[in-house]
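Here is how the chains run, residue by residue.
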Amino acid sequence: VLARLMVQALPPGWPLEAVAYVPASRPAVRRRGFDHGELLGRAVAAQAGLECLPLLHRPRTRDQRGLSARGRIANLAGRFEAAGDAPCRGGVLLVDDVMTTGATLCAAAAALRSAGCPALYGLTFARV
C-alpha cells in the first residue's frame, strides 16, 4: 500500500531508470527481523516498473530516534558507502520511509554521487 501511494506521488517528468533504497542499520534489521528499507524499495520499484538496485551498504550508525537534527547529521556523516558491485546509472530514485531532517537522504545521496550516479531523485512516504 505504501509503495503504491508513493509511486502515485512521483512527478511524471522524472527520468528514472532504477530504484535504490536506504538500507536499515544492522541493529534495526536485528530488532525487526527484516530490512524495511529494502522491502519498501523493492515494492516501489515493482509498482513503478523499474529495476531495484542494492546500491548502498548498510550504515554503521546509532539509532536516529531521539537525536537532534545536528546529532542526526553527525551520526550519518560519511556512514554510507556505495556498493561497488552494483552499477549506478542515470535517473536513480532513492527511496526511504520517513524524512525527519533529511540527514539520511543527504548522506545516502552523497555516497551515490561519489560513486558516480549522475542523477538522483528522492522519495519518502512521509515527512515529519
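A sheet is described by the order of its strands in space; here 4 strands give the open sequence S2-S1-S3-S4, paired in parallel fashion. Where the open sheet ends on each side, the last strands, each with one partner, are strand S2 (51-52) and strand S4 (120-127). With 4 bridges connecting them, strand S1 (residues 18-21) and strand S3 (residues 92-99) associate as parallel partners. Within S3, the residue paired with Tyr21 across the bridge is Val95. This element, helix H5 (residues 103-114), spans S3 and S4 of the sheet and lies at about 160° to S3.

Mapped onto the secondary structure, Asp35 falls in the loop between helix H2 (26-32) and helix H3 (36-48). A relative accessible area of 7% places Asp35 in the buried class. Here the side chain of Asp35 touches Ala24 through a polar contact of 3.2 Å, landing on its backbone nitrogen. At 2.9 Å, the side chain of Asp35 forms a polar contact with the backbone nitrogen of Gly37. If near-sequence neighbours (up to four positions away) are discounted, Asp35 is found in contact with Pro23, Ala24, Val29 and Arg58.

Taken as a whole and judged by the stated rule, the model has 1 aromatic pair. Ring centres of Trp14 and Tyr121 lie 5.0 Å apart, and the angle between their planes is 35°; on these two criteria the pair is classed as tilted. Of the two residues, Trp14 sits in the loop between helix H1 (2-8) and S1 while Tyr121 sits in strand S4, which places them 107 residues apart along the sequence. By relative accessible area, which is 27% here, Trp14 ends up partly exposed.

Let us look at the environment of Phe125. Following the sequence through the fold, Phe125 ends up in strand S4. In contact with Phe125, other than residues within four places in its own chain, are Leu2, Leu5, Met6, Asp96 and Asp97.

Look at helix H4 (residues 69-76) against H5: their axes get within 9 Å of each other, and the N-to-C directions meet at 25°. When the axes of H4 and H5 are compared, the pair comes out roughly parallel. When you trace H4 past H5, the crossing you get is right-handed. In contact with Arg72, Ile73 and Leu76 of H4, H5 contributes Ala103, Thr104 and Ala107.

Together, Val1, Leu2, Leu5 and Phe125 give the surface a local cluster of nonpolar side chains, amounting to about 380 Å² of exposed area. Locating Leu2 in the fold gives a position in helix H1. A residue is classified by how much of its surface remains accessible, and Leu2, at 40% relative accessible area, is partly exposed.

Procedures and definitions
- Residues numbered from 1 in each chain as written.
- Predicted model: local features only at pLDDT ≥ 70, side-chain atom pairs only at ≥ 80, totals over all residues.
- Heavy atoms only, no water.
- Pairing = 2+ DSSP bridges.
- Helix = DSSP H or I, 4+ residues; strand = E, 2+ residues; numbered from the N terminus.
- Contact = heavy atoms within 4.5 Å.
- Axes fitted to C-alpha atoms, helices over the stretch in contact; angles between N-to-C directions.
- Buried < 20%, exposed > 50% of the residue type's maximum accessible area, 1.4 Å probe, protein only.
- Polar contact = N/O pair within 3.5 Å; in protein donor to acceptor, adjacent residues only side chain to side chain.
- Phe/Tyr/Trp six-rings, centres within 6.5 Å; stacked < 30°, edge-to-face > 60°.
- Parallel < 35°, antiparallel > 145°, perpendicular 65-115°, else oblique.
- Left-handed = near helix turned anticlockwise from the far one by under 90°.
- Patch = residues over 30% accessible without salt bridge, like charges linked within 9 Å, V, L, I, M, F, W, Y side chains within 5 Å.
- Areas by Shrake-Rupley, 256 points an atom, 1.4 Å probe, with all protein chains shown as cover.
- Salt bridge = Lys/Arg side-chain N within 4 Å of Asp/Glu carboxyl O.

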